[in-house]
Amino acid sequence: MTPVKPGDYVFSKESLVKVRSGLGLSQAKMGERLGVPKNTVSRWETGETAPDAHSLAAIYSLAQKKGIVANFFAPTKPKTPVRNAALVYWDSEYTREDWNGETKRTELDKFIRHEVRKRVPKAERQLFKVFTSTSREVVSDQLEKLNWRVWEREGWSDTDWSEEIYDQALSDAGHSPANSVVFLVTQDTDHVDLIEDLRERDVRVYLFAPSSVSQELVAAVGKRRWIKLDLGPAIPGLPYPLSLR
C-alpha cells in the first residue's frame, strides 16, 4: 500500500469504484481478483491509501478487458487561500469632510470596522493605519484611543501621503499577498497605481469613499468592492446612525 500524498496529480478513488461496479464485483471479490485483502480495497475507495504500481496495473488490465474507461489520476485541486489579514489605510487628506466632530469620527471608525469584519471574518492579523497632519493633534489622539496607528507630518494642505501609503501597503501585504485584504479610505486618484499593483500580487482591495469619488478610483477596485461612506442613517445591522455628509 502506498500512502496518499499531495502533488500535481492524485489517485482518483472514484475511478476504482467505477471499475469495480463495472465488473459487478464486491470489495471482497475485487480483493480476491487482485490478490489483496478486502479492507485494502475499502481503504483505496475511501482515499485512505492508494494502490501501488503493481495493483494499479492489475486494475487497469481488468478494466481494459471489460472495455471500461477510467481515469485513475486527477489533478489536485488548488486550495483557495483564506483571507485572514485585514489592512486598512486611511488617507485623511482626502476625507476631511468626514472629520468634523469627535462623534462622526467615532461613527466612521465603527462603520469601517463593521465593514472590515463582514469581508474578513477570519482575520487573524489586523492593521488600522491613519495618515494625517501634526496640526490635527486632537484627531490623532482620538484615533490612537480607537486603536489606529497614526502617521503624522507637518502641515495640512501640502501633505501628500500617496507614496507613503503605497510603500507601507505593499510591504504589509507582501508577507502573504494571497491571504491579504487591503482597505483604502481615500478619494485620491494617486492611489490607482497602488490598487493595480496590489491586485497584480493577488491582494484583494476595497475602497471606502463617498459617491462623489472619481470613477477612475472606483474602476480600479471594481464597483463591487467600493464601500460608500454616504450611505445615510439606515444601515442594516448597525446599532447607531451614520451621517457623514
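Residues numbered from 1 in each chain as written. Predicted model: local features only at pLDDT ≥ 70, side-chain atom pairs only at ≥ 80, totals over all residues. Heavy atoms only, no water.

## Looking at unusual backbone geometry
One non-glycine residue, asparagine 147, lies in positive phi territory at about 70°. For asparagine 147, the position within the fold is in the loop between α6 (137-145) and β7 (149-153). (Helix = DSSP H or I, 4+ residues; strand = E, 2+ residues; numbered from the N terminus.)

## Some points on the sheet that holds strand β5 (residues 85-91)
Within the open sheet, the six strands sit side by side as β7-β6-β5-β8-β9-β10. Their pairing is parallel. Here the strands that pair on one side only, and so sit at the sheet edges, are β7 and β10 (226-228). If you compare each strand with its neighbour and ignore which way they point, the axes differ by 20° on average. Where strand β9 (residues 204-209) lies against β10, three bridges are found, and the strand directions are parallel. The residue of β10 that forms the bridge with phenylalanine 208 is isoleucine 227. (Pairing = 2+ DSSP bridges. Axes fitted to C-alpha atoms, helices over the stretch in contact; angles between N-to-C directions.)

## Describing the nonpolar core
Taken as a class, soluble globular proteins show a tendency for nonpolar side chains to be buried jointly. In terms of nonpolar packing, the biggest core is built from 25 residues, with Tyr89, Val182, Leu184, Leu198 and Leu207 touching the most fellow members. If you list the elements that add at least two residues to this core, you get β5, β6 (125-133), α7 (162-174), β8 (180-185), α8 (192-200), β9 and α9 (215-221). Among residues more than four places away in sequence, those in contact with valine 182 are Leu87, Tyr89, Ala173, Leu198, Val203, Arg204, Val205 and Tyr206. With 21 residues, the next largest nonpolar core counts Val88, Ile112, Trp148 and Val150 among its residues. (Core = buried A, V, L, I, M, F, W, Y, C linked by side-chain atoms within 4.5 Å. Buried < 20%, exposed > 50% of the residue type's maximum accessible area, 1.4 Å probe, protein only. Contact = heavy atoms within 4.5 Å.)

## Quick word on the confidence of the model for the protein chain
Averaged over all residues, the pLDDT of the protein chain is 83; the fraction at 70 or higher stands at 83%. The secondary-structure element of the protein chain with the lowest mean pLDDT is strand β1 (residues 2-3), recorded at 54, while β8 shows the highest, at 96. For residues 233-245, every residue scores under 50 in pLDDT, and the model assigns this stretch 28 contacts once sequence neighbours within four places are set aside. (pLDDT = per-residue confidence, 0-100.)

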